[in-house]
Amino acid sequence: MLLIPCPYCGERPEVEFTHGGEAHLTRPSPPAEVDADTWTKFLYMRNNAKGVYAERWRHARGCGKFFNALRDTTTDHFIAVYKSGEARPQ
Amino acid sequence: MRKQGFSALSLIWRGLSQHQSWQQQWRKPEPKKRYDAVIVGGGGHGLGAAYYLASEHGLSNIAVLEKGWIGGGNTGRNTTIIRSNYLFNESAALYDHSVKLWENLSQVLNYNVMFSQRGVMMLAHTVHDIQVIKRHVHANRCNGVDNEWLEPEQAKAFCPPLNLSRDIRYPVLGAALQRRGGTARHDAVAWGYARAADALGVDIIENCEVTGIRRGPSGAVEGVETTRGYIQSAKVGVSAAGHTSVVMRMTGVEVPLESFPLQALVSEPVKPIFPCVVMSNTIHAYISQSDKGELVIGAGTDAYNSYTQRGALHINMHTLDAICELFPEFRRLRMLRNWGGIVDVTPDRSPIIAKTKVPGLYVNCGWGTGGFKATPGSAHLFAFTIARDEPHPINAPFTIERFHDGDLIDEAAAAAVAH
């Protein structure tokens, strides 16, 4: 089980969290003018990185807040966590 | 190369010399400079594709490139369940094509894959389950796929260890039974295809990781860069399971995949007690007994993407809770080992077996949590697609473009593993 460092509550066990998928996906707008290629990318295409991956978590059974994390998908180690809306750390 | 055949007589004969006189099952060739077709990924699907390319489409200059060893990936990590009770017409045709190939596979390969049609039973625990499962039963029968509804007592008669108590949290209210479903020996499938393909001249190159895919001025595939040098080939078929995204990124073709750990575990071996395969989508458990006597138990996927081939213990515990309630007699069994594999999941839980926009590049991926059952069918159709440069009618709907056009084949309910 992962120990996830919630930026609000500190390190907590994975069972308190829900995974929110890839981070930094922006819904295209306005919807009526968006073409099918852009919708396909937004809805279905994911980078599925092997290595450093930016993802969303929600501390659902804790503070309830969404946040973002950088995790290495080859080791599952967390590299950084940061609040929603903040830029991805380098 | 002529292979020694397997038969009861040959087993006895070579037994007399302590089984020391068997030849190697497949060669360990050095990669050639040029092949007519290269398959990336030496799992069951990739080896099978090479075998069918050689046996049915007349290609003989083929290589299978495997970054690890044969049988070391998901082919050796699954729970060996075979069934074709999928809801939609496209999927029923695809998976039943595979079951039909399974039925003769041992004879065709001259290799005992231990295919056993012991029946796959899917349990219903709620009124909603009953409705959904009956819908599946009717849809399957319309598609010529055997499936039948069982009342709880009939389910118990088919699988005596089943707990029919009314006081458990999710009592058994009925089940669907596909009698043609069952299990096979997963390693034997990889070994059998490898041996049969090798006998037809296919080069199986282990410890050879693809690091790049080279394309010519027209955009068409010219060859692959590997850890064992450059290999020229005008046709490249990617069959790399959880690592398909990694390989496809080398070509610039986007695939709608995410890779997740999927875990399984086995108990200590016991005498034959469990006659069939039982699955429950609702409380998430599936279980069968191997011929060695171990209970083979499948757990769910972890919540997050990963390439680590391991997952969290609470996922296994969740499954064992369900198993212990359905089969209380297993509560005192000890679990022998558990492991994870990396599965490539598509948004609609249906696979992709298709040409890509890059000429000469083909992809077979997205099998997610249920690829083993499809091994022969998937391999057979992928070989057809590569050889003819067009899909077989059965795999024609399973394109990458369906995510653009909205023609999804949404099998999330039939995939049986909680995502």
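For clarity, every value in this text was computed on a predicted model and none was experimentally measured.

Here the focus is the overall build of chain B. Counting its secondary structure elements, chain B contains ten helices and 20 strands. Computed over the C-alpha atoms, the radius of gyration of chain B is 21 Å, within 12% of the 22 Å expected from 2.2 N^0.38 for a compact globule of 419 residues. Across its three principal axes, chain B shows a C-alpha extent of roughly 70 × 60 × 40 Å. A total of 419 residues make up chain B; the buried ones form 61% of that total.

Scanning chain A for helices and strands turns up one helix and six strands. Of the regular secondary structure in chain A, the N- to C-terminal order runs β-β-β-α-β-β-β. Here chain A holds 90 residues, and the buried ones make up 39% of them. Excluding contacts between residues fewer than 6 apart, the proportion of contacts in chain A whose partners are at least 24 apart in sequence is 45%. In the form shown here, chain A has an accessible surface area of approximately 4,900 Å², with 51% of it arising from carbon and sulfur atoms.

Here the focus is the sheet that holds strand β4 (residues 52-58) of chain A. All names here are of chain A. Strand order in the open sheet formed by four strands is β3-β4-β5-β6, with antiparallel pairing between adjacent strands. Unpaired on one side and paired on the other, β3 (18-22) and β6 (78-83) mark the two borders of the sheet. Between one strand axis and the next, the sheet turns through 30 degrees on average, direction left out of account. As judged from the seven bridges shared by β4 and strand β5 (residues 66-72), these two strands associate in the antiparallel manner. Bridge pairing in β5 places W57 opposite F67.

Let us look at helix α2 (residues 44-56) of chain B. Since the α-helix advances by 3.6 residues per turn, residues separated by three or four positions end up pointing in the same direction. Residue and element names in this part refer to chain B. The end-to-end C-alpha distance of α2 is 17 Å, a good match for the 18 Å that 13 residues give at a rise of 1.5 Å each. Buried residues dominate α2, accounting for eleven of its 13 residues. When α2 is considered as a whole, its buried residues turn out to be G44, H45, G46, L47, G48, A49, A50, Y51, Y52, L53 and A54. One or two residues past the end of α2 sits G58, with phi positive at roughly 70 degrees.

Residues and elements named next belong to chain B. If you look at the biggest cluster of nonpolar residues, it comprises 48 residues, and the most contacted ones within it are L47, L53, L94, W102, Y193 and V202. Elements represented by at least two residues in this core include exactly β2 (37-40), α2, β3 (62-65), α3 (89-109), α6 (186-199) and α9 (375-388). Excluding residues that lie within four positions of it along the chain, W102 makes contacts with I82, V113, F115, A184, V189, F372, K373, T375 and P376. The next biggest cluster of nonpolar side chains, apart from the first, holds 30 residues, and it includes V210, L257, A354 and V358.

Evaluation of the coordinates by the stated rule reveals 18 aromatic pairs over all chains. A ring pair is formed by W57 of chain A and F78 of chain A, whose centres lie 6.4 Å apart and whose planes are at 55 degrees; its orientation type is tilted. Here the residue W57 of chain A occupies a position in strand β4, and F78 of chain A occupies one in strand β6, the gap between them amounting to 21 residues. Between Y86 of chain B and Y95 of chain B, the aromatic rings sit 3.8 Å apart at their centres with planes inclined by 10 degrees, giving stacked as the arrangement. A single burial state applies to Y86 of chain B and to Y95 of chain B, both of which are buried. Linked through ring pairs, F17, W57, F67 and F78 of chain A together with Y304 of chain B together constitute an aromatic cluster.

Okay, the environment of P376 of chain B next. All names here are of chain B. As for its placement among the helices and strands, P376 is situated in helix α9. For P376, a relative accessible area of 0% puts it in the buried group. Sequence spacing of P376 and P397 is 21 residues, and the spatial spacing of their C-alpha atoms is 18 Å. Discounting residues that sit within four places of it in the chain, P376 has contacts with Y52, S98, L101, W102, L105 and Y193.

All names here are of chain B. Ordered in space as β6-β7-β5-β15-β16-β17-β14-β18, the eight strands form an open sheet in which the pairing is mixed. Bordering the open sheet on either side are β6 (148-150) and β18 (335-345), each of which pairs with just one other strand. Going across the sheet, the axis of each strand differs from the next one's by a mean of 25 degrees, ignoring polarity. Pairing analysis gives five bridges linking strand β5 (residues 120-124) to strand β7 (residues 174-178), with the strands arranged antiparallel.

Before going further, it helps to examine the interface of chain A and chain B. In this assembly, 24 residues from chain A lie in contact with 27 residues from chain B. On inspection of chain A and its partner chain B, the count reaches 15 residue pairs in polar contact (both at pLDDT 80 or more). For the side of chain A that touches chain B, the secondary structure elements donating two or more residues are α1 (36-43) and β4 of chain A. Of the residues forming the side of chain A that touches chain B, the biggest block, four residues, is contributed by α1 of chain A. The class makeup of the residues in the side of chain A that touches chain B is nine nonpolar, seven polar and eight charged.

Attention shifts here to the pairing of strand β17 (residues 295-301) of chain B. Residues and elements named next belong to chain B. The element β17 is extensively covered by neighbouring structure, given that seven of its seven residues are classed as buried. Here strand β14 (residues 258-267) pairs with β17 via four bridges, running antiparallel. If you follow V266 over to β17, its bridge partner there is V296. Of the pairings in the sheet, the one linking strand β16 (residues 285-289) to β17 comprises four bridges and is antiparallel in character. What sits directly across from Q289, in β17, is L295. Between β16 and the antiparallel strand that follows it, β17, lie five residues; G293 among them carries a positive phi value of about 105 degrees.

Conventions we followed
- Residues numbered from 1 in each chain as written.
- Chains lettered and ligands numbered in written order.
- Predicted model: local features only at pLDDT ≥ 70, side-chain atom pairs only at ≥ 80, totals over all residues.
- Heavy atoms only, no water.
- Helix = DSSP H or I, 4+ residues; strand = E, 2+ residues; numbered from the N terminus.
- Rg over C-alpha atoms; globule rule 2.2 N^0.38 Å.
- Buried < 20%, exposed > 50% of the residue type's maximum accessible area, 1.4 Å probe, protein only.
- Contact = heavy atoms within 4.5 Å.
- Areas by Shrake-Rupley, 256 points an atom, 1.4 Å probe, with all protein chains shown as cover.
- Pairing = 2+ DSSP bridges.
- Axes fitted to C-alpha atoms, helices over the stretch in contact; angles between N-to-C directions.
- Expected span 1.5 Å × (residues − 1).
- Core = buried A, V, L, I, M, F, W, Y, C linked by side-chain atoms within 4.5 Å.
- Phe/Tyr/Trp six-rings, centres within 6.5 Å; stacked < 30°, edge-to-face > 60°.
- Polar contact = N/O pair within 3.5 Å; in protein donor to acceptor, adjacent residues only side chain to side chain.
- Nonpolar A, V, L, I, M, F, W, Y, C, P; charged D, E, K, R; others polar.

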